[in-house]
Amino acid sequence: MAGRINDDDVKAVRDAVPIDSVVSEYLQLRNAGGGNLKGLCPFHDEKSPSFQVSPGKGLFHCFGCQEGGDTIAFVMKIDHLSFSETVERLAAKAGITLRYEEGGYNPSHQRGERIRLIEAHQAAADFYVRALESPEAEIGRKFLAERGFYQDAATHFRVGYSPAGWDHLTRYLRGKGFSDKELITSGLSQDGRRGPIDRFRGRLMWPISDTAGEIVGFGARKLRDDDNGPKYLNTPETPIYKKSQVLYGIDLAKKDIAKASRAVVVEGYTDVMACHLAGVTTAIATCGTAFGNDHIKILRRLLMDNGSARVIFTFDGDSAGQKAALRAFEDDQKFAAETYIAIAPDNMDPCDLRLAKGDDAVRDLVEPRTPLFEFALRQIVGRYDLETPAGRASALDEAAAVVAKIKTSSVQREVAVQLAGFVGILDQEFVVHRVAQLARWARDKGGDGRGDPRGGRGPGGPQDRRGGTPQQPAQAPAAPSGPALNLRSPAHRTERELLKLALQKPALVSPAFDAYGADEFTAPPYAAVRQCIAEAGGAERGLGDNREYLVAVMDAAPNNTVRSLVTELAVEVFMGRTIDETYAGMQLVHVRLRAVDRRINEVQGSLARLGSNVAPDDLAAAQNEVWVLQQYAQSLRAKGADAL
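Residues numbered from 1 in each chain as written. Predicted model: local features only at pLDDT ≥ 70, side-chain atom pairs only at ≥ 80, totals over all residues. Heavy atoms only, no water.

S.K.: Where do I start with the sheet that holds strand β13 (residues 283-285) in this structure?
M.R.: Note: strands within a sheet are paired through backbone hydrogen bonds, in either parallel or antiparallel orientation. Taken together, 5 strands build an open sheet; the order of strands is β13-β12-β14-β15-β16 and the sheet is mixed. Of all strands in the sheet, those bounded by a partner on one side alone are β13 and β16 (370-371). Note: strand β14 (residues 310-313) against strand β15 (residues 338-341), 4 bridges, orientation parallel. Bridge pairing in β15 places R310 opposite E338. Docked against the sheet, helix α11 (residues 269-277) engages β12 (262-266) and β13, running at close to 175 degrees with respect to β13. Across the sheet, helix α12 (residues 293-303) is in contact with β12, β13 and β14; its angle to β12 comes to roughly 155 degrees. (Pairing = 2+ DSSP bridges. Helix = DSSP H or I, 4+ residues; strand = E, 2+ residues; numbered from the N terminus. Contact = heavy atoms within 4.5 Å. Axes fitted to C-alpha atoms, helices over the stretch in contact; angles between N-to-C directions.)

Next comes the structure, spelled out in structure tokens:
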């Protein structure tokens, strides 16, 4: 059995791989101020970015769903990996050789399943690329050349060829140390009469990568007439490949999608190649499935849902393409981006268009032309005879039901007005009323009174969650309990600031902070964080390696709720404008002063309740304690931090 990874190596991996570079492989990050970055959370749906990354501290935290942690925690969560699998992946990225406490270096056959499957796909991709150069693959090279793709294009997209024999790849991967079970699990092989055989045989091969650029599957195109399989054959569902969660070309397009705030959705592998070679480097495609919710989530994180974002669909103009456009329109509202559809002359796809008319025609094709909602409604209306009252009524009934699904009332009204024009109904208000009526019926039937998901409150920061009446997402973990997290309370706000200082700028509060007891923090969750800091060695430990200190504090957390609060406090911006010794001293004094005042009130309250029943010695001791505390409080008010 493989041993435990050496602690020093884990630390080296954590320090060597910047968290912002890792997170940026999955979503677009923008400046959030205070040295932090922000983006749309990959762990829950949200309309405004509440996910923050602190590169200086190596931490992330979502103020909406409370997920947080370091680089290792992020990769574990987003890719569903174990701790050791994550460290091994990041170590490979950083070029660090790991040591194991028991059993020396980790044998490859004992590594995590995901890593092994990724390595098998990488080896398969290399095998297929080399096979494309073989005499047998002449038919594949000819297929590519006829579509304007030559050696440079094949190399850029890592297009390959699967030999027509039964088990060429299977034998090759066995020789690389992969077991039959791993080959079957990966989807690269399948069960045959005498053991595993190649799943893909005699086909052109396109590697399909995830957002991080790791190959998780393949798309295979039929080349020969005697191949009785489907025209395109994709990797089956595996532990690392979910067709509804991958987009072909996303690894190549993600940076330009984020930079340009634009994505072009095409239908096939060759269309992606044609677009990229023509200069449309934001093109991506689904892999044998309709464009759906999970694909939208991937794009939204890259587009950041800003007002200038554009998504352009290039569906064919045939009936299948029209159905695809209508399906896309159903999901249109899940984008804050504007959506368009582009249809080439003669219903050519981007690959054919590039061959017939060149790169300029492809670039012109994807310039936004027709809004998706307009195309979808015209397709519906076009099926009816609008010259007759009955035809207009039927067209209105079907199209109005679609418009009624638009949640934003202002947009719904605007589209309803345009629908009146499409159908040829002069009374626009009648159409607007009809659409609104259908929307109300749908809400009443479904019990959905949420209103506009774009205009509602999004978890934009800690004030959203703690000020006023909290409204947590249904799937979000509960926030730390009790009214103690209400930021409108000056005591709790100050306690929060002091903990943020102790975590983010320990030099400003050390060594005074380490003399504070957990009982000086009235909010139980804050007291728990104070205890974690103490168990990690106190704020004084943060004077050295701040990242190591924060990791130690998180490791001291008794549960995920407290750990989440630690990461939240470690990345949250301060409330003050100037964060210096004066500001830190104010927080130290206020927390201590309130603790002293509370103790005075407690003692005086006890004396009042006991009345004449208190023993003389106890009375004298209590009065003396009150006098000492009052003198200390007076000193704190007069001298500030110098009195601590």
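Picking up after the structure, the text goes on.
S.K.: Any chance you could explain the sheet that holds strand β9 (residues 203-209) here in plain terms?
M.R.: If you walk across this open sheet you meet the 4 strands as β6-β9-β10-β11, and the pairing is antiparallel. A single partner strand is all that each edge strand has here, and the edge strands are β6 (160-162) and β11 (232-234). Strand-to-strand twist across the sheet, computed as the mean angle between neighbouring axes with direction ignored, equals 35 degrees. Two elements, strand β10 (residues 215-222) and β11, share 3 bridges in a ladder whose sense is antiparallel. Paired with A220 across the two strands is L233, which belongs to β11. In this fold helix α6 (residues 138-146) packs onto β9 and β10, with an angle of close to 70 degrees to the strand it touches most, β9.

S.K.: How should I be thinking about unusual backbone geometry in this particular structure?
M.R.: Negative phi is the rule for most residues except glycine; trans is the rule for most peptide bonds. A cis geometry characterises the amide bond from S510 onward to P511, with omega recorded as 5 degrees. Its identity as a non-glycine residue notwithstanding, R158 has a phi of 55 degrees, on the positive side.

S.K.: Please clarify how the nonpolar core should be interpreted in this entry.
M.R.: Across soluble globular proteins, nonpolar side chains have a tendency to be buried as a group. Of all hydrophobic cores here, the largest spans 45 residues; its most connected members are L144, V159, L204, W206, Y248 and M273. Ranked by the residues each element gives to this core, the list is headed by α11, at 5 residues. With residues up to four places along the chain from it excluded, the contact list for W206 reads F143, L144, V159, G217, F218, G219, R221, Y232, Y248, Y269, T270 and M273. Counting residues in hydrophobic clusters, the runner-up holds 38 residues, among them L59, A539, M554 and Y583. (Core = buried A, V, L, I, M, F, W, Y, C linked by side-chain atoms within 4.5 Å. Buried < 20%, exposed > 50% of the residue type's maximum accessible area, 1.4 Å probe, protein only.)

S.K.: How should the pairing of strand β2 (residues 36-39) be read in this particular structure?
M.R.: When a strand is regular, its side chains alternate between the sheet's two faces. Examined bridge by bridge, strand β1 (residues 30-33) and β2 share 3 bridges and lie antiparallel to one another. Residue R30 lies in a different strand from β2, and its bridge partner there is K38. Taking the residues between adjacent antiparallel strands as the criterion, β1 and β2 are bridged by 2 residues, where G34 takes a positive phi near 65 degrees. Bridge count between β2 and strand β3 (residues 51-54): 3 bridges; the pairing is antiparallel.

S.K.: Is there a simple way to explain the pattern of salt bridges in this structure?
M.R.: Side-chain pairing between opposite charges can occur once the charged atoms of the two side chains come close. Inspection of the entire model under this criterion finds 35 salt bridges. Between E214 and R114 there is a salt bridge; the shortest N-O distance is 3.6 Å. Taken together, the positions of E214 in the loop between β9 and β10 and R114 in helix α5 (residues 113-131) put the pair 100 residues apart, joining distant regions of the chain. For R114, a relative accessible area of 11% puts it in the buried group. A salt bridge links K297 to D294, with the nearest nitrogen and oxygen atoms 3.9 Å apart. Of this pair, K297 and D294 both sit in helix α12, 3 residues apart, which is roughly one turn of the helix. Assessed through its relative accessible area of 32%, K297 is described here as partly exposed. By relative accessible area, which is 23% here, D294 ends up partly exposed. Residues joined in a network through salt bridges with shared partners are D79, R89, R114, D210 and E214. (Salt bridge = Lys/Arg side-chain N within 4 Å of Asp/Glu carboxyl O.)

S.K.: I tried to follow the packing of aromatic side chains on my own but got confused; where do I start?
M.R.: A full pass over the atoms with the stated rule returns 16 aromatic pairs. Grouping aromatic residues by their ring pairs yields a cluster made of Y26, F43, F51, F60 and F74. The ring of F43 has K77 sitting right over it, with the charged end atom 5.8 Å from the ring centre. Over the ring of F143 we find R147; its NZ or CZ atom is 3.6 Å from the centre of that ring. (Phe/Tyr/Trp six-rings, centres within 6.5 Å; stacked < 30°, edge-to-face > 60°. Lys NZ or Arg CZ within 6 Å of the ring centre and 35° of its normal.)

S.K.: Where do I start with the environment of H168 in this structure?
M.R.: Along the chain, H168 turns up in helix α8 (residues 168-175). Separated by 30 residues in the primary sequence, H168 and D198 have C-alpha atoms spaced 7.0 Å apart. Sequence-distant contacts of H168, that is, excluding residues within four places in its chain, are made with F127, P163 and D198.

S.K.: Help me understand the confidence of the model for the protein chain in this model?
M.R.: When pLDDT drops low, the exact placement of atoms in the prediction is not to be read closely. Overall, the prediction assigns the protein chain a mean pLDDT of 84, with 87% of residues at 70 or greater. Note that pLDDT drops below 50 for residues 104-110; the model gives that stretch 12 contacts with residues more than four away or on any other chain. Note that pLDDT drops below 50 for residues 447-484; the model gives that stretch 64 contacts with residues more than four away or on any other chain. (pLDDT = per-residue confidence, 0-100.)

S.K.: Could you clarify how one ought to interpret the state of the cysteines in this entry?
M.R.: When the sulfur atoms of two cysteines share a covalent bond, that bond is a disulfide. One pass over the full model with this rule turns up 0 disulfides. The closest cysteine sulfur to the non-disulfide-bonded C275 is located on C351, 9.4 Å from its own sulfur. (Disulfide = S-S within 2.5 Å.)

S.K.: What am I meant to see in the side chain of E568 here?
M.R.: Take E568: it is sitting in helix α24 (residues 560-571). Separated by 3.1 Å, the side chains of E568 and H61 make a polar contact. (Polar contact = N/O pair within 3.5 Å; in protein donor to acceptor, adjacent residues only side chain to side chain.)

S.K.: Is there a simple way to think about the packing of helix α21 (residues 490-504) against helix α22 (residues 524-535) in this case?
M.R.: The relative placement of two packed helices comes down to the angle between their axes together with the axis-to-axis distance. Direction vectors running N to C along α21 and α22 enclose 20 degrees, while the axes themselves pass 11 Å from each other. It follows from the interaxial angle that α21 and α22 lie roughly parallel. Crossing geometry of α21 relative to α22 is assigned as left-handed. Of α22, the residues touching α21 (which contributes H492, E495, R496, L499, A502 and L503) are Y526, V529, R530 and I533. Its residues assigned to classes, the contact of α21 with α22 comprises 6 nonpolar, 1 polar and 3 charged. (Parallel < 35°, antiparallel > 145°, perpendicular 65-115°, else oblique. Left-handed = near helix turned anticlockwise from the far one by under 90°. Nonpolar A, V, L, I, M, F, W, Y, C, P; charged D, E, K, R; others polar.)

S.K.: Hey, could you run me through α21 in this one?
M.R.: Three or four residues apart is the spacing at which side chains of an α-helix point the same way, because the helix has 3.6 residues per turn. Helix length check: α21, at 15 residues, gives a terminal C-alpha distance of 21 Å against a target of 21 Å (1.5 Å per residue), a fit within 8%. Most of α21 sits out of view: 13 of its 15 residues are buried. (Expected span 1.5 Å × (residues − 1).)

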